[in-house]
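So the chains spell out like this:
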Amino acid sequence: LQVSGNGTLTFTGPATLYVAEGMSVDGNARLNFSGATTVYSAKDVKVTGNGKVDFKPSSSPDGSSASQLYAGALTIAGNGMGTAKNVPTNLAIKVPAGTGHVNISGNAHLYASVYAPGSQVAISGNGDVYGAVVAKWVAHSGDGCVHYDESLKTSSGGGQGGAATTTMVAWQEL
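Everything numeric in this text was worked out from a predicted model, so none of it was measured. (Residues numbered from 1 in each chain as written. Predicted model: local features only at pLDDT ≥ 70, side-chain atom pairs only at ≥ 80, totals over all residues. Heavy atoms only, no water.)

1. Some details on the overall build of the protein chain
- Secondary structure summary: the protein chain contains zero helices and 14 strands in total.
- In sequence order, the secondary structure elements of the protein chain are arranged as β-β-β-β-β-β-β-β-β-β-β-β-β-β.
- Put simply, the protein chain has 174 residues, and 44% of those count as buried.
- Entry remark: accessible area of the protein chain is about 8000 Å², with carbon and sulfur atoms responsible for 51%. (Helix = DSSP H or I, 4+ residues; strand = E, 2+ residues; numbered from the N terminus. Buried < 20%, exposed > 50% of the residue type's maximum accessible area, 1.4 Å probe, protein only. Areas by Shrake-Rupley, 256 points an atom, 1.4 Å probe, with all protein chains shown as cover.)

2. Here's the deal with the confidence of the model for the protein chain
- Averaged over every residue, the pLDDT of the protein chain is 82; the share at 70 or more is 83%.
- Contacts of residues 157-165 to residues separated by more than four positions or lying in other chains number 18 contacts, the stretch itself having pLDDT below 50. (pLDDT = per-residue confidence, 0-100. Contact = heavy atoms within 4.5 Å.)

3. So, the packing of aromatic side chains
- Counted under the stated rule, the structure contains six aromatic pairs.
- Relative to Tyr18, the ring of Phe11 lies with its centre 4.7 Å away and its plane at 55 degrees, an arrangement referred to as tilted.
- Relative accessible area serves as the criterion here: at 22%, Phe11 is assigned to the partly exposed category.
- Their ring planes at 10 degrees and their centres at 5.4 Å tell us that Phe11 and Phe33 sit as a pair that is stacked. With a gap of 22 residues between them, Phe11 in strand E2 (residues 8-20) and Phe33 in strand E4 (residues 30-47) connect regions that are remote in the sequence.
- Here a set of aromatic residues connected by ring pairs shows up, and it is made of Phe11, Tyr18, Phe33 and Phe55. (Phe/Tyr/Trp six-rings, centres within 6.5 Å; stacked < 30°, edge-to-face > 60°.)

4. A look at the pattern of salt bridges
- The final tally for this structure, using the stated rule, is two salt bridges.
- Taking the shortest distance from any N to any O, the salt bridge between Glu21 and Lys43 comes out at 3.0 Å. Taken as a pair, Glu21 in the loop between E2 and strand E3 (23-25) and Lys43 in strand E4 lie far apart in primary sequence, 22 residues in all.
- Overall, the relative accessible area of 52% leaves Glu21 in the exposed class.
- Close ionic contact of Asp54 with Lys52 constitutes a salt bridge, the shortest N to O distance being 3.9 Å. (Salt bridge = Lys/Arg side-chain N within 4 Å of Asp/Glu carboxyl O.)

5. Focus on the nonpolar core
- By size, the foremost hydrophobic cluster in this structure holds 32 residues, and its most contacted members are Met81 and Leu110.
- The set of elements that each furnish at least two residues to this core consists of E2, E3, E4, strand E5 (52-56), strand E6 (67-76), strand E8 (91-94), strand E9 (102-104) and strand E10 (109-123).
- Per element, the largest residue contribution to this core is six residues, and it comes from E10.
- If near-sequence neighbours (up to four positions away) are discounted, Leu110 is found in contact with Ile76, Met81, Ile93, Ile104, Asp128, Val129 and Tyr130. (Core = buried A, V, L, I, M, F, W, Y, C linked by side-chain atoms within 4.5 Å.)

6. A few points about the environment of Asn28
- With respect to the helices and strands, Asn28 occurs in the loop between E3 and E4.
- With 21 residues separating them in the primary sequence, Asn28 and Gly7 have C-alpha atoms 7.2 Å apart.
- At a separation of 3.2 Å, a polar atom in the side chain of Asn28 contacts the side chain of Asn6. (Polar contact = N/O pair within 3.5 Å; in protein donor to acceptor, adjacent residues only side chain to side chain.)

7. Side note on the environment of Leu1
- Inspection of the secondary structure puts Leu1 in the segment before strand E1 (2-3).
- Placed 19 residues apart in sequence, Leu1 and Ala20 show a C-alpha to C-alpha distance of 6.3 Å.
- If we ignore the near neighbours within four places in the chain, the residues touching Leu1 are Leu9, Phe11, Ala20, Gly22, Met23, Ser24 and Leu31.

8. Remarks on unusual backbone geometry
- Here the phi dihedral of Asn86 falls at roughly 50 degrees; this positive angle occurs in a residue that is not glycine.
- The topology assignment puts Asn86 in the loop between strand E7 (80-83) and E8.
- With a relative accessible area of 30%, Asn86 lands in the partly exposed category.

In structure tokens, the structure reads:
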């Protein structure tokens, strides 16, 4: 799935599942998902240039309102990835162990919880994460930060598949 140039692609649905080989949003492009969306990307998800991805969840029939993104790897160097009103609890990103890395760089902003327990998460430049990060290790350089959102203290990881509950017991400022 690729959106380039000045293109905009919008997917809508009350509770929808999308499967893609990979995702790329670049140039001034926009990719929008509305509804309680689950996106599986077998390969990398890349947002570069002035590209932006927005998840705008709404309540689904099972009562969950969070969207989920499963990615082989994640690179956000563009305008970032946001949610309705940029609320981190509206998006859970999961990178399965051994599949890839997570890079947040440039002026990118990410509003989400990131669960990548077997991966490196690199935050550089002015890249900011608003939410939470679970990773094998975090590399930090530049002025970017993780701004922990306390509403994520107890999270079920969003929606489908009987996800385990995660409870935060401590955090470290970066």
